[in-house]
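What follows is each chain in one-letter form.
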Amino acid sequence: MSFAAGLWGTLVRDLPLIYPQLLILVAATVMLWPGDVFVPKGGKGQWAAVTVVVLAAAAFLVSRTPSGMGFSRMYQVDGITRGFQYLCLAAGIITVLLSQLQLNLHKDQSVEYYALILYSVTGMLFLVGASDLVSVYFSLELMALCIYILVAYFREQERSIEAGVKYFLLGAFSSGILLFGISLLFAATGGVTTNLADLNEKLALLPASSNLLVFLGILMVLVGFCFKVAAVPFHMWSPDAYDGAPTAITAFMSMAPKAASLAAFARVFGSGFGGLHAEWTAPLAFVAAASMILGNVAALRQQTMKRLLAYSSIAHVGYMLLGVLSSNVPGGVQAIWLYMLTYLLMQSGAFGIIIYLQGKGEGERIEDFRGLARTRPVLAFAMMVILLSLAGIPPLVGFFSKFYLFKLAIEQGHVTLTVIALLTSAVAAYYYLAVVAAMYFKEPAEGEVKPVSGITSLVVGMSCALVLAGTLFGAYLLDWAGTIL
Amino acid sequence: MVETFLAFIGRNLFLVFGLMAVGGALALVFSKNAVHSVVGFLFSMLSVAGCYLCMSAEFLAVAQLLVYAGGIVVLFLFVVMLVEMTKFKEKGLFQSQTPYALVAVAIGAAAIVGVFVSTWFTKSADVALTLDPGLARGLDVAKENSQAVSRGLFAGYLLPFEILSVILLVALVGAVTLAKKERV
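About the thresholds
Residues numbered from 1 in each chain as written. Chains lettered and ligands numbered in written order. Predicted model: local features only at pLDDT ≥ 70, side-chain atom pairs only at ≥ 80, totals over all residues. Heavy atoms only, no water. Phe/Tyr/Trp six-rings, centres within 6.5 Å; stacked < 30°, edge-to-face > 60°. Helix = DSSP H or I, 4+ residues; strand = E, 2+ residues; numbered from the N terminus. Buried < 20%, exposed > 50% of the residue type's maximum accessible area, 1.4 Å probe, protein only. Contact = heavy atoms within 4.5 Å. Buried area = accessible area lost by both parts, 1.4 Å probe. Salt bridge = Lys/Arg side-chain N within 4 Å of Asp/Glu carboxyl O. Expected span 1.5 Å × (residues − 1). Core = buried A, V, L, I, M, F, W, Y, C linked by side-chain atoms within 4.5 Å.

Draft legend 1. Region of the structure containing the packing of aromatic side chains. Residue and element names in this part refer to chain A. One pass over the full model with this rule turns up 24 aromatic pairs over all chains. Each ring, one from Phe-269 and one from Trp-280, has its centre 5.1 Å from the other, and the planes form 75 degrees; the classification is edge-to-face. Residue Phe-269 is located in helix α11 (residues 247-272), and its partner Trp-280 is located in helix α12 (residues 277-300); the two are separated by 11 residues in the primary sequence. Using a relative accessible area of 1% as the deciding quantity, one classes Trp-280 as buried.

Draft legend 2. Highlighting the interface of chain B and chain A. On the chain A side, the residues contacting the 36 residues of chain B number 47 residues. Across the interface of chain B and chain A, roughly 3700 Å² is buried in total on both sides, 75% from carbon and sulfur atoms. The interface formed by chain B and chain A includes one salt bridge. The salt bridge partner of Lys180(B) is Glu112(A), with a shortest N-O separation of 3.3 Å.

Draft legend 3. Representation of helix α7 (residues 158-179) of chain B within the structure. Here α7(B) is 22 residues long and its end C-alpha atoms lie 32 Å apart, about the 32 Å a rise of 1.5 Å per residue gives. For α7(B), the set of buried residues is Leu158(B), Leu159(B), Pro160(B), Ile163(B), Val166(B), Ile167(B), Val170(B), Val173(B), Gly174(B) and Thr177(B). Lining the buried residues of α7(B) we find α1 (2-14), α2 (19-32), β2 (75-77), α5 (111-129) and α6 (133-151) of chain A together with α6 (145-156) of chain B.

Draft legend 4. Focus on the nonpolar core. Grouped together as the largest cluster of nonpolar side chains are 194 residues, with contacts concentrated most on Met253(A), Phe265(A), Phe269(A), Phe273(A), Leu321(A) and Phe369(A). Sequence-distant contacts of Phe273(A), that is, excluding residues within four places in its chain, are made with Leu185(A), Leu199(A), Asn200(A), Leu203(A), Ile218(A), Val221(A), Val268(A) and Trp280(A). Listed in part, the six residues of the second largest apolar core include Ala34(B), Phe41(B), Val73(B) and Val80(B).

Draft legend 5. Quick look at the pattern of salt bridges. Residue and element names in this part refer to chain A. Taken as a whole, this structure holds 13 salt bridges over all chains when the rule is applied. Here Arg-374 makes a salt bridge to Glu-443, at a shortest N to O gap of 3.6 Å. A residue pair is termed long-range when its members are at least 10 positions apart, and Arg-374 in helix α15 (residues 372-375) and Glu-443 in the loop between α18 (415-441) and α19 (454-472) qualify at 69 residues. With respect to class, Arg-374 is no different from Glu-443; both count as exposed. When salt bridges with common partners are traced through the structure, they connect Arg-159, Glu-162, Lys-166, Asp-240, Asp-243 and Arg-307 into a single cluster.

Here you go:
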């Protein structure tokens, strides 16, 4: 009896930590049943508005969540948790807004689409606060499983199904590697704990004979995370999955899961394996350098905009891994958060424009941007601002977020990596500017000019305005991030 | 001779069951006939149940038998019988990349075996079922197995357990989303 009473007591005490997740979970489940029964066929698009409201309400709840640790120290709310939760929720809202055009064109609105986005966001909210390897693993799975399904959402398109199956198989395999690594660490520390803080203490006390086992375990966890954030050499799935997925889901994949996995990456390696920093610095530095080089070089040769952004997002992950590498954990996480925030702004605008040009799914090649300045000057200007910012050209906001990351890396002594990052940024500027040149200096193709949908232009306008506003305050951004995290 | 062999097996039952599980998994992957694959899967799952028994996790072993051997294998057999497998026959298992993959796998496997040999599992293998001392209060974990599992699920691992339930729900929703006849 006393044990059960104790359980109830801890549950009541811990529940306020996860109110945002509970709200989203309950809302998504009620949407599926019985909510969907009352919505007539053809009116499923209404769920988009409900989803946006639920996500915004969750963001409000996040701001009210108390700091603390709960659920047998499986879940922790602190500034980092809240900061990344805002990013994931914002990415969810942007995705829902961007989805409208394509889903309406394909007549493919359904309640499941929105429910899956909500479930996935729940997984992310759990992931960024997970302070135990077990809860990290399960929230990672919840986040990823929803995205596998969403990638294959346009099931009558072979490309979409292929992308989904590829992503699913490789994702399941990498989860196996991650889990094996976790179990090795669990065994090496005596089979008592998977809590990150405890693990860090135990790992420091281990005898030298078990070093190899620990190293293998950490390496496997590293591989698992690198797969989730699509870092080279575990990036193979990402261009195909980006290409085949519905474009709004591509935008989602490049924003939300990346933010959540990077937060968990930094937390696991910073606080869990922080004592063994020397062991995993070399492999991670290799991964970061390879991602920057291969991502940027491969992006040069792409013909379609989605694949170009896929490869460039691999390169951006390479930059952000500099923050994970930093032994100054709070500083690294702040730099990642800031980078992710600006990246989210720019990606949402870029994908908004792609979705506008794409229509039913044909015109997503870079050629389709030719002469956009002639036919749609405002849109072309927005795209130019966003692309220049993505390239990190001063004084735009993308420059400042890169600058903070590189400064941190130099302070930590990763000079070679920073030089590689700078050189590859120059390469990146080339392919971003190629698109700008196509928009401004080439003749437009023949054909009628499509009307702009209201929601898409809202997203693009917001993104462009925020990028420009961020540019004005660039010098204060890091201090501002410090007050939030 | 025989006695020492039997004694060795008795001491290393976990190892024996583990090797059997790996053998079943290999049969699952490499057999050409889908039904044979399912039988290999069944064998592998039964061996894993044996592994659980060796670690004196009786409840988990029985649950494994019921769920996998009882439920999932039957489901797989149904799927195998309902789906026409003949049209996938001509697809070979080996492709142009296979040699490279085999070399990479061999190197990786050698490295992992090397690590295991050099560190040789310490005490952790024979600890029955670890439970937070706070949770294990008033409980003989080695004997009261199902109680220990329930405390783990509802106290120590409550959050992952509930997340897992959402994952299962998502799997159902996803199956419906991808397979439903019409979508409006």
